[in-house]
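# Observations on chain architecture
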Amino acid sequence: MKDYRILAIVAVAVLSVVFLLPTFVPSLDGVSWYPADPIHLGLDLQGGMHVVLHVDVDKAIKDELGHVGKDSVPTALEEEKLAFANAYVNKDGDKLIVEFASIEDRTKAEAYFSKNWARFDIGAYGAEGKIGLTLSLQDEEVKFIRENAMRQAREVLNNRVDEFGVSEPEIYTQGSDQIVVRLPGVDDPERAKDLIGRTAALEFKMVNAKARYASTKELLLAEAGGKVPEGYDVYSNKASRTGQDNWYLLRIPPDLSGSYLTDARVGYDEFQNSAVDFQFNEEGSRIFADLTGKNIGKQLVILLDDVVYSAPVIRSRISSRGQITGDFTRQEALDLAIVLRAGALPVPIRIEEERTVGATLGEDSIAKGKLSFIVGGIFVLIFMVVYYRKVGIAANTALVLNVLIIMAGLAMFGATLTLPGIAGIILTVGMAVDANVIINERIREELRNGKTPKGAVNTGYQRATWTILDANITTLVAAGVLYNFGTGPIRGFAVTLAIGLIASVFTAIIVTRVIVESIATNSRETLSI
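As the structure is a prediction and not an experimental result, all values here were calculated from the model. (Residues numbered from 1 in each chain as written. Predicted model: local features only at pLDDT ≥ 70, side-chain atom pairs only at ≥ 80, totals over all residues. Heavy atoms only, no water.)

## Observations regarding the overall build of the protein chain
Test applied: Helix and strand labels come from DSSP, where a helix needs a run of H or I of at least four residues and a strand needs a run of E of at least two; each type is numbered from the N terminus. We call two residues in contact whenever any of their non-hydrogen atoms come within 4.5 Å of each other. Shrake-Rupley sampling with a 1.4 Å probe provides the accessible areas, and residues are treated as covered by the protein chains on show and by no other component. For the charge count, each Lys or Arg is scored as positive and each Asp or Glu as negative, with His and the chain ends excluded. Charged groups are reduced to one reference atom each: NZ for lysine, CZ for arginine, CG for aspartic acid, CD for glutamic acid.
Along the backbone of the protein chain there are 13 helices and 20 strands. When contacts within the protein chain are restricted to residue pairs at least 6 apart in sequence, those whose partners lie at least 24 apart make up 67%. As displayed, the protein chain offers around 27,200 Å² of accessible surface, 55% of which is attributable to carbon and sulfur atoms. Side chains of the protein chain give 54 positive and 65 negative charges; the mean places of these two sets differ by 5 Å.

And the structure:
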């Protein structure tokens, strides 16, 4: 009768070698027909970028109030047949101010808002003799908007890094307004920072009655009466090829945003310079067609991150497609297309901390990890042979196969090896040694009770199996908890630990038993243990 355990052991060993080969034979990396990739090294082992980003979550509150003032307030008051003079966000960005022509209108509007707009706190506003109301978001609503801005920012950064092509990045939130981005193996930090840190807020605004532009900021403000009107802001253009500067006074809420984009690609303008072609979805096309159709002959300003990139005059109705021109290099146009496809960040971010981990530190970490692993492993192997003799050799064979399976598992699942991961491997090797010690001591105990070598081996494994399973299953549950609630290196440690525990159980209970049973069968009276 065939022993299927031997077939299983051989199959696992062969598969492990197959998955590990690309790690030790670089020429196999990237070969399309080969079914495995090398083990990915983490930031602490191969170097890369570590960036801490501050997310301006307060801007999300200001934007929400701005949208309410632009759309919801006019619609609601029009339906109630209540006249209002203006609606704008205050300079601190935490209140929406709605001005009225009379106290009677304000009283009716206050009653309406108090009854129907439960997420706002309503108050009176009377600065500079004006008649108005202040609308402030309640604390629960502020908390929700901030948390949602963080979630969206993290999702956008994930999309951008995926497009950038970084293998095994780590992106996680830290505190209430920070996101940590770790990019292993990045060799162009400046480009990576530009891709990560750009808000990519694409906006379209009409130059209408109050909006205007001039060659200098001072001239622009003089034409506007010396100050920026409420609800408006001043924007400059991107340095053009002609070197001509323009300043624009534009309404803050955009007429159309880039949130409707479905695609962005590198294209060319009429002078064959690099540009970015974009396309709207169905709703965006409808809004763009309506906007351009009503404003033929007027100037449409295209802004990216509050900088005017182009301001063409509308010659005809445009629907689904457009183009952003500027003084782009091909690389800049490609990166801009990437961030537009990945989506705009919901709020601005800025780099608070930036560290580049050099290759020297990575190589040094790898060398120390290898040295500690080799020295510790040699001591363990010597101890097992000296103390348990032939059975100790069986245990050592299982330990070597154990490490082989763990490394192959990392390559198979595309996991990243980090310094905590190396600690996980060493921990599981220790647990594998412990399992072999438990089995061997049980066998010795049965031999002292007078059993034959074969009988002692059978009884020893039967009694030790549940003890080993209990210990490893308990640790496996802990690894699952670490993976579920941990981030970054903690997850890497949990993955390595889980693979190592499964490999440890397989080698301790199945591999060593096959070998030790073979030794016992050939040892009729005594067992070398």
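There is more to say, and it comes next.
## A look at the side chain of His50
Applied cut-off: A 1.4 Å probe rolled over the protein chains alone gives each residue an accessible area, and that area as a share of the maximum for its type sets the label: buried under 20%, exposed over 50%, partly exposed in between. Here a polar contact is taken to be a pair of N or O atoms separated by no more than 3.5 Å, where protein atoms must pair a possible hydrogen donor with a possible acceptor and residues adjacent in sequence count only if both atoms sit in side chains.
Take His50: it is sitting in strand S2 (residues 48-55). Take His50: its relative accessible area is 7%, and that puts it in the buried class. Within polar-contact distance, the side chain of His50 engages the side chain of Arg182 at 3.0 Å. Dropping the residues within four chain positions of it, His50 is found in contact with Leu43, Val180, Val181, Arg182, Glu353, Glu354 and Arg355.

## A few points about the nonpolar core
What counts is decided by this rule: What we call a nonpolar core is a set of buried Ala, Val, Leu, Ile, Met, Phe, Trp, Tyr and Cys residues that are connected through their side-chain atoms within 4.5 Å.
Membership of the largest hydrophobic core comes to 72 residues, with the highest contact counts inside it found for Trp117, Leu157, Leu183, Phe204, Ile324 and Leu340. In terms of residue count, helix H5 (residues 139-164) provides more of this core than any other element does, nine residues in total. In this view, Leu340 contacts Ala200, Leu202, Leu261, Ala264, Val276, Leu304 and Ile324; residues no more than four positions away in its chain are not counted.

## Looking at the sheet that holds strand S5 (residues 120-125)
In plain terms, the rule: Two strands are said to pair when DSSP picks up at least two bridges between them. An axis is simply a line fitted to the C-alpha atoms; with a helix, the fit covers only the stretch in contact. Between two such axes, the angle follows the N-to-C directions and lies from 0 to 180 degrees.
The four strands lie next to each other as S3-S4-S6-S5, forming an open sheet whose pairing is antiparallel. The open sheet terminates on both sides in strands that have one partner only, identified here as strand S3 (86-89) and S5. Averaged over all pairs of adjacent strands, the angle between strand axes in this sheet comes to 20 degrees, irrespective of strand direction. Looking at chain direction, S5 and strand S6 (residues 131-137) are connected through six bridges and run antiparallel. Bridging across to S6, Ile122 finds its partner in Leu135. Sitting on the sheet, helix H3 (residues 57-79) is in contact with S3, strand S4 (96-100), S5 and S6, with an inclination near 30 degrees to S4.

## With respect to the layout of surface pockets
Selection criterion: Site definitions follow a grid-based scheme: protein atoms alone, a 1 Å grid, a 1.4 Å probe that fits but cannot get out for cavities, and for pockets an open set with protein on both sides within 12 Å along at least five of seven lines, plus lining residues having an atom within 4 Å of a point. Grid points are joined across faces, edges and corners, and a volume is the space filled by probe spheres set on the points. Polar here means any residue other than Ala, Val, Leu, Ile, Met, Phe, Trp, Tyr, Cys and Pro, which are nonpolar, and Asp, Glu, Lys and Arg, which are charged; Gly is therefore polar.
Empty space within the second largest pocket amounts to approximately 950 Å³. Lining the second largest pocket are 31 residues, and of these Lys370, Phe373, Ile374, Val403 and Met407 sit closest to its centre. Tallying contributions element by element places helix H10 (residues 359-412) first for the lining of the second largest pocket, with 17 residues. Tallied by class, residues from the lining of the second largest pocket come to 23 nonpolar, seven polar and one charged.

## Quick look at the packing of aromatic side chains
Note the cut-off: Working definition: rings of Phe, Tyr and Trp (its six-membered ring) pair if their centres are within 6.5 Å, and the pair is stacked with planes under 30 degrees apart, edge-to-face with planes over 60 apart, and tilted otherwise.
As enumerated under the stated definition, the model contains 10 aromatic pairs in all. For the pair Phe204 and Phe288, a centre-to-centre distance of 5.5 Å together with 55 degrees between the ring planes defines the contact as tilted. Note that Phe204 is positioned in strand S9 (residues 202-206) and Phe288 in helix H8 (residues 282-294), a separation of 84 residues in sequence. In terms of burial, Phe204 and Phe288 fall into one category: buried. Arranged with centres 4.9 Å apart and planes meeting at 85 degrees, the rings of Tyr387 and Tyr388 form a pair that is edge-to-face. For Tyr387, a relative accessible area of 39% translates into the label partly exposed. A network of ring pairs unites the aromatic residues Tyr112, Phe113, Trp117 and Phe120 as a single cluster.

## Observations concerning a nonpolar patch on the surface
The following threshold applies: Only residues whose relative accessible area exceeds 30% and that take part in no salt bridge are eligible for patches, with like-charged residues grouped when within 9 Å of each other and nonpolar side chains (Val, Leu, Ile, Met, Phe, Trp, Tyr) grouped when within 5 Å. For this document, the term salt bridge refers to a Lys or Arg side-chain nitrogen within 4 Å of an Asp or Glu carboxyl oxygen.
A contiguous nonpolar surface patch, about 540 Å² in accessible area, is contributed by Phe373, Ile374, Ile378, Ile382, Val386 and Ile426. Sort the elements by how many residues they give to the nonpolar patch and H10 lands first, with five residues. As for its placement among the helices and strands, Val386 is situated in helix H10.

## Comments concerning the packing of H5 against helix H9 (residues 330-342)
The geometry of a pair of packed helices is captured by two quantities: the angle between their axes and the separation between those axes. Rules: Any angle that falls under 35 degrees is termed roughly parallel, while one over 145 is termed roughly antiparallel, one within 65 to 115 roughly perpendicular, and all others oblique. Whether a crossing is left-handed or right-handed is set by the direction in which the near helix is turned from the far one by less than a right angle, anticlockwise for left-handed and clockwise for right-handed.
At a minimum axis separation of 9 Å, H5 and H9 run at an interaxial angle of 140 degrees. Looking at the two axes, H5 sits oblique to H9. The interaxial crossing formed by H5 with H9 has right-handed handedness. Counting all contacts with H5, which are made through Val156, Asn159, Arg160 and Glu163, the residues of H9 involved are Ile338, Val339, Arg341 and Ala342. Looking at the contact of H5 with H9 residue by residue, the classes come out as four nonpolar, one polar and three charged.

## Here we look at the sheet that holds strand S15 (residues 274-280)
Ordered in space as S14-S15-S18, the three strands form an open sheet in which the pairing is antiparallel. Each edge of the open sheet is held by one strand with a lone partner, namely strand S14 (261-268) and strand S18 (321-324). On average, each strand axis in the sheet is tilted by 25 degrees relative to the strand beside it, whichever way the strands run. Sheet topology note: the S15/S18 ladder contains four bridges and is antiparallel. Residue pairing in the sheet places Phe278 in a bridge with Gly322 of S18. Sheet strands in contact with H9 are S14, S15 and S18, and its direction is about 175 degrees off that of S14.

## Focus: the pattern of salt bridges
Counted according to the given criterion, the structure contains 21 salt bridges. For Arg119, the salt bridge is made with Glu141, and the minimal N-O distance between the two is 2.9 Å. Here the residue Arg119 occupies a position in the loop between helix H4 (103-116) and S5, and Glu141 occupies one in helix H5, the gap between them amounting to 22 residues. When its relative accessible area of 28% is taken as the criterion, Arg119 is described as partly exposed. Here Lys193 and Glu190 are joined by a salt bridge, their closest N and O atoms 3.3 Å apart. With Lys193 and Glu190 both in helix H6 (residues 189-197) and three residues apart, this pair spans about one turn of that helix. Looking at Lys193, the relative accessible area reads 18%, which means it is buried. Linked by salt bridges that have partners in common, Arg5, Arg513 and Glu517 make up one network.

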